[in-house]
Amino acid sequence: MEQFFHENYLSKLKENPELFIGVELEFPIVHLHGQATDHRLTISLLRHLVQLLDFAIVKFDDDKQPIEIVAANGDLILFEVSYNTLEFAFAKAENLFEVAGRFQIYLDAIQSFLVQYDHQLVGAGINPNWDINDNRPVVTGRYQMLMQYLSLGKQHAELHPYMDYAAYICGSQVQFDVSRSQFLRVLNAFNKIEAAKAYLFANSSFEPLTGCSLARDYLWEASMHGLIPQNVGIYPSDFESEADYIDFKSQSSLFYTIRDGDYMYFEPIPLREYLGQDEIHAYGINGENLMLKPESRDLKNHRSYHYQELTRRGTIEFRSICTQPLDVTFAPAAFHLGLLMELEALEDLLERSSFFKSMGHDYVQLRKDFSRQNLSAKEKEVIQAFSEELLSCAKKGLQQRGLGEEVFLEHL
């Protein structure tokens, strides 16, 4: 297990990497009059962008419809899980203005096309028409496998019943290059501020969950992805060493593999226990029951879902933020970037902050507490003070870059 993590994760970290920014944004495509999103329209949108903005089609679904397009600069626009969600995956950039400028060009073209047919992208963490949309997955093996895997939740009474949630939750993710000597410090520091991030950026109200402004967490954590708790969400404590990190991550789960081009999925198994299985009862995407003999090559399909993740690209990805309103799309990326620039100051702030003295250090519970819509007067007071400390630190980090990116935090 140690060799696997060294080869696939730790070895990708450089000691003095150049800082690049990677932004991924997901948006619901919504019918303006409360009807289901028209999939014929969303597919024709991609064809329109190919003609209008000189994109090229790079992926088709099994019905030969375009599902992913790429610009000359490497930016991708694609469907994420369902035909109701559009994702922007931007090529790595040196500053936020670079990404925001390209996003605005794409957004203007997309909205101008969609509005003709009473649709538009909206800045929300959950598609408001989630309950009437056709939430079937994009017709590819990967997404069909994912949705069928999540449907195994029917066999677990402790999980929520919204097993198609991956078709309608939307997030704002950012990743940065980090060094091997710093990555644990980054994971530890940012893991501690999830309560403030919930307070500042929650944007996924969900009708079945009254009083919660961050349903996205619940939908992730009380699903098959969270059946093994170490697979998703917040880390319960600091990592003291690389060995400590590997030990924890080896408890995260493996739930699928690919053999001869075919996807096979199964009840989640902790990564470190996988190769010790003689045989595994698996399922194919056509409903067949299969017996799978584990192989070491299967481990390459490992992917956990923590809110701070070390990737196989030598970056740390921050993935706990809901899609934001369109006019403040880049606030989360700016917030994370500014704090990363001031990592030592952030660590000092966390060490002395009165927030933890008042509220304790149960980071998992704090995130839940400050995802509620109705906070007590004391809770509001302490979270506002903590958030202001963090915003001040982030602003200083952005000012240090000297590019004016602090403008993205103005509304906060």
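The following paragraphs examine the structure supplied in this document.

1. Some points on empty space enclosed by the protein
The tally for this structure, following the rule as stated, stands at 3 cavities of 30 Å³ or more. Of the pockets and cavities examined, the largest cavity occupies roughly 40 Å³. Lining the largest cavity we find Arg216, Trp220, Tyr305, His306, Tyr307 and Arg319. Where the lining of the largest cavity is concerned, the elements lending two or more residues are α7 (215-221) and β13 (305-306). Of the residues belonging to the lining of the largest cavity, the class tally is 3 nonpolar, 1 polar and 2 charged.

2. Describing the sheet that holds strand β9 (residues 253-259)
Note on sheets: strands pair through backbone hydrogen bonds, and any given pair is parallel or antiparallel. An order of β9-β10-β11-β12 is seen for the 4 strands of this open sheet, with the pairing classed as antiparallel. In this open sheet, the two strands that pair with only one neighbour each are β9 and β12 (289-292). In this sheet, adjacent strand axes meet at a mean angle of 35° when their direction is disregarded. Along the sheet, helix α4 (residues 141-150) makes contact with β9, β10 (262-270) and β11 (280-284), crossing β10 at roughly 35°.

3. Details of helix α6 (residues 194-201)
Burial of α6 is extensive: 7 of the 8 residues sit out of reach of the surface. Within the sequence span of α6, burial applies to Glu194, Ala195, Ala196, Lys197, Ala198, Leu200 and Phe201.

Cut-offs and rules
Residue indices follow the written sequence of each chain, beginning from 1 at its first position. Reporting of local features is limited, given that this is a predicted model, to residues whose pLDDT is at least 70; pairs of side-chain atoms are given and counted only at 80 or more, and all residues count toward the totals for whole chains, interfaces and linings. Here the side-chain values reflect all heavy atoms present in the structure, with hydrogen atoms and water set aside. Cavities and pockets are defined on a 1 Å grid built over the protein atoms alone: a cavity is a set of grid points where a 1.4 Å probe fits but cannot escape, while a pocket is an open set with protein on both sides within 12 Å along at least five of seven lines, and lining residues are those with an atom within 4 Å of any such point. Grid points are joined across faces, edges and corners, and a volume is the space filled by probe spheres set on the points. Helical segments are the DSSP runs of H or I of at least four residues, strand segments are the runs of E of at least two, and each set is numbered from the N terminus. Residues are sorted three ways: Asp, Glu, Lys and Arg are charged, Ala, Val, Leu, Ile, Met, Phe, Trp, Tyr, Cys and Pro are nonpolar, and all the rest, Gly among them, are polar. Any two strands are treated as partners once DSSP identifies two or more bridges connecting them. For every element, the axis is a line fit to its C-alpha atoms; helices are fit only across the contacting stretch, and the angle between N-to-C directions ranges from 0 to 180 degrees. Throughout, a residue-residue contact means that at least one pair of heavy atoms, one from each residue, lies within 4.5 Å. To sort residues, take the accessible area from a 1.4 Å probe on protein chains only and compare it with the maximum for the residue type: under 20% means buried, over 50% means exposed, and anything in between is partly exposed.

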